[in-house]
Amino acid sequence: MILTPPNDEHFMRQALREAHGAYQEGEVPIGCVIVKDGKVLGRGRNHMETLRDPTAHAEILAMGAASSAVENWRLDGCTLYATLEPCPMCAGAILNGRISRVVYGSKDKRLGALGSAYDILNGNPLNREIEVVGGVLGEECLDLIRAFFQDLRKRSKSRETEEQLPEALLGDLPEN
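Here the structure is a predicted model, which is why all the values come from computation and not from measurement.

**Examining the packing of aromatic side chains**
Any pair of aromatic rings gets described here by the distance separating the centres and the angle formed by the planes.
Here is step 1: Applying the stated criterion across every chain, the model contains three aromatic pairs.
Here is step 2: With centroids separated by 5.4 Å and ring planes inclined at 80°, the aromatic side chains of Tyr-23 and Phe-148 adopt a geometry described as edge-to-face. Residue Tyr-23 is found in helix H1 (residues 6–24), and its partner Phe-148 is found in helix H5 (residues 138–158); the two are separated by 125 residues along the sequence. Of the two residues, Tyr-23 and Phe-148, neither departs from the other in class, the shared state being buried.
Here is step 3: Look at Phe-148 and Phe-149: their rings are 5.2 Å apart centre to centre, the planes differ by 85°, and that puts the pair in the edge-to-face class. Per residue, the accessibility class of Phe-148 equals that of Phe-149, and both read buried.
Here is step 4: Site record: aromatic cluster; members linked through ring pairs are Tyr-23, Phe-148 and Phe-149.

**Some remarks on the sheet that holds strand S2 (residues 39–45)**
Here is step 1: Strand order in the open sheet made by the five strands is S2-S1-S3-S4-S5, with mixed pairing throughout. Edge positions in the sheet fall to S2 and strand S5 (131–133), since each of these pairs with one other strand and no more. Within the sheet, the average angular offset between the axes of one strand and its neighbour, ignoring direction, is 15°.
Here is step 2: Two elements, strand S4 (residues 101–106) and S5, share three bridges in a ladder whose sense is parallel. The partner of Arg-101 across the bridge, within S5, is Glu-131.
Here is step 3: Across the sheet, helix H3 (residues 58–70) lies against strand S1 (31–36), S2 and strand S3 (79–84), angled at about 145° from S2, the strand it touches most.

**Section: the pairing of S3**
Here is step 1: Burial analysis of S3 places six of its six residues in the buried class, which makes it a mostly covered element.
Here is step 2: As paired strands, S1 and S3 are joined by four bridges and run antiparallel to one another. Paired with Cys-32 across the strands is Ala-82, a residue of S3.
Here is step 3: Across five bridges, the pairing between S3 and S4 is parallel. Within S4, the position partnered with Ala-82 by the bridge is Tyr-104.

**Quick notes on the nonpolar core**
It is characteristic of soluble globular proteins that their nonpolar side chains tend to be buried jointly.
Here is step 1: If you look at the biggest cluster of nonpolar residues, it comprises 41 residues, and the most contacted ones within it are Ile-34, Leu-80 and Ile-99.
Here is step 2: When contributions to this core are tallied by element, the ones reaching two or more residues are H1, S1, H3, S3, helix H4 (88–96), S4 and H5.
Here is step 3: Ile-99 has contacts with Ile-34, Met-63, Leu-75, Cys-78, Leu-80, Ile-94 and Ile-130, leaving out every residue within four places of it along the chain.

What counts, and where the lines are drawn
Residues numbered from 1 in each chain as written. Predicted model: local features only at pLDDT ≥ 70, side-chain atom pairs only at ≥ 80, totals over all residues. Heavy atoms only, no water. Phe/Tyr/Trp six-rings, centres within 6.5 Å; stacked < 30°, edge-to-face > 60°. Helix = DSSP H or I, 4+ residues; strand = E, 2+ residues; numbered from the N terminus. Buried < 20%, exposed > 50% of the residue type's maximum accessible area, 1.4 Å probe, protein only. Pairing = 2+ DSSP bridges. Axes fitted to C-alpha atoms, helices over the stretch in contact; angles between N-to-C directions. Contact = heavy atoms within 4.5 Å. Core = buried A, V, L, I, M, F, W, Y, C linked by side-chain atoms within 4.5 Å.

Right, here's the structure in full:
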């Protein structure tokens, strides 16, 4: 059995709070916090629908906030906590932003880029070593995403006269 450092659960709970906020706003419930030396530097939650921006992922927004807080794009020594395994775009941003450590909740077998579907950080061309820890509060993170998509399906079925939701939103749920 792998023991999780207490701080990882603490900060993952903060990321989960961000994910709950995204859920309330009608966004896919993914949340993220960026931490350095025990202090949260940036927070983010999915805002793709609200902002109509394909790059408005929780991780990207949290990294932007953290970069503003430290007045530098280099986030050396920071840990990124995300409720879902980051996608390829976010993994690239993590690599370029020099994040030192990534902790995520649930695996994403369809788009996860930290070992599930892809492994962008391991053996990267920039030779940066980034520690990756997965599965922290994974069931809680996955349960929130499942609940969101179940609600979305129920709403979709109840709106027979409205346009059908894209299948991509109703497709495969990430698995833990």
